[in-house]
Amino acid sequence: MANPNLVNVATISGGNLGFNLSATLTTTLVTVASNVILKINRITVANVDGSSSADVNLFVDGMGNGATGVSATGAATVYLAKTVAVPADSTLVLVDSPIYLMEDDILKGGASAAGDLDLFISYEVLNDA
């Protein structure tokens, strides 16, 4: 398994994803396919409940694979947000600088209260296939 060479990608496709987060804090949101790198540009979370705060968890699972030439020795699961409170009727930016998810990485997360938090992800898929 080798991550795509960014100089030789066949396609670059942009897109957006939206999720209404469940109370299951480990829900799989995105799984990165083989021959693909997912460049996440921005992640925001909005609390759509008018009266109650809710907590968000967001993490990458399976980070044991670094890019070619990089040996990963860190944790396989890394949190982007852990029990971050989102006040009622407000929006937080969780990621505002690009990050890359490598092939086989899995983005997971959830909310402390089902249906209260909407997650929005802006991304680009760099495909080597």
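Each value, and the rule that gives it
Residue numbers here run from 1 along each chain, matching the order of that chain's written sequence. Where totals are concerned, whole chains, interfaces and linings use all residues; where local detail is concerned, this predicted model gives features only for residues with pLDDT of at least 70, and gives and counts side-chain atom pairs only at 80 or more. By convention in this description, side-chain values take in all heavy atoms of the structure and omit both hydrogens and water. By the criteria applied, helices consist of DSSP H or I runs no shorter than four residues and strands consist of E runs no shorter than two, each listed in order from the N terminus. Here's how the labels work: a residue is buried when its accessible area is under 20% of the maximum for its type, exposed when over 50%, partly exposed in between, all with a 1.4 Å probe on protein chains only. Whether two residues are in contact is decided by their heavy atoms: any pair within 4.5 Å suffices. Each accessible area is a Shrake-Rupley estimate made with a 1.4 Å probe; only the visible protein chains count as cover when residues are assessed. Think of a nonpolar core as a cluster: buried Ala, Val, Leu, Ile, Met, Phe, Trp, Tyr and Cys residues, connected wherever their side-chain atoms sit within 4.5 Å. Polar contact is defined as a pair of N or O atoms within 3.5 Å, subject to the rule that within protein one atom must be able to donate a hydrogen and the other to accept it, and that residues adjacent in sequence are counted only when both atoms are side-chain atoms.

Enquirer: I'd like a description of the overall build of the chain, backed by residues and values.
Expert: Looking only at helices and strands, the chain has zero helices and nine strands in total. Helices (α) and strands (β) of the chain occur, in sequence order from the N terminus, as β-β-β-β-β-β-β-β-β. Relative to its full complement of 129 residues, the chain shows a buried share of 35%. In the chain, 86% of the contacts between residues at least 6 apart in sequence involve partners at least 24 apart. Counting only carbon and sulfur atoms, one obtains 52% of the accessible surface of the chain, whose full area is about 6500 Å².

Enquirer: Any chance you could break down unusual backbone geometry for me, citing the residues and the numbers?
Expert: The backbone of Asn-35 shows a phi angle near 65°, a positive value even though the residue is not glycine. Residue placement: Asn-35 occurs in the loop between β2 (27-31) and β3 (36-47). For Thr-83, which is not glycine, the phi dihedral falls at a positive 50°. You can call Thr-83 partly exposed: its relative accessible area is 46%.

Enquirer: If you had to explain the nonpolar core to someone new, which residues and values would you point to?
Expert: Residues Ile-43, Val-56, Leu-58, Leu-94, Leu-107, Leu-117 and Leu-119 are the most contacted members of the largest nonpolar core, which totals 24 residues. For this core, the secondary structure elements donating two or more residues are β2, β3, β4 (54-61), β5 (77-86), β6 (91-95), β8 (106-111) and β9 (117-127). Ranked by residue count, the leading element in this core is β3, at five residues. Each residue touching Val-56, except ones within four places of it in the same chain, is listed here: Leu-21, Val-45, Ala-81, Lys-82, Thr-83, Val-84, Val-86, Leu-94, Gly-110 and Leu-117.

Enquirer: Account for the side chain of Ser-90, naming residues and giving values.
Expert: Inspection of the secondary structure puts Ser-90 in the loop between β5 and β6. In terms of polar contacts, Ser-90 uses its side chain to reach the backbone carbonyl oxygen of Pro-87, at 2.6 Å.

Enquirer: Let's hear about the environment of Ala-129: which residues, and what values?
Expert: Inspection of the secondary structure puts Ala-129 in the segment after β9. Taking C-alpha positions, Ala-129 is 5.8 Å from Asn-35, a pair spaced 94 residues apart along the chain. When sequence neighbours within four positions are dropped, the list of residues in contact with Ala-129 reads Ala-10 and Asn-35.

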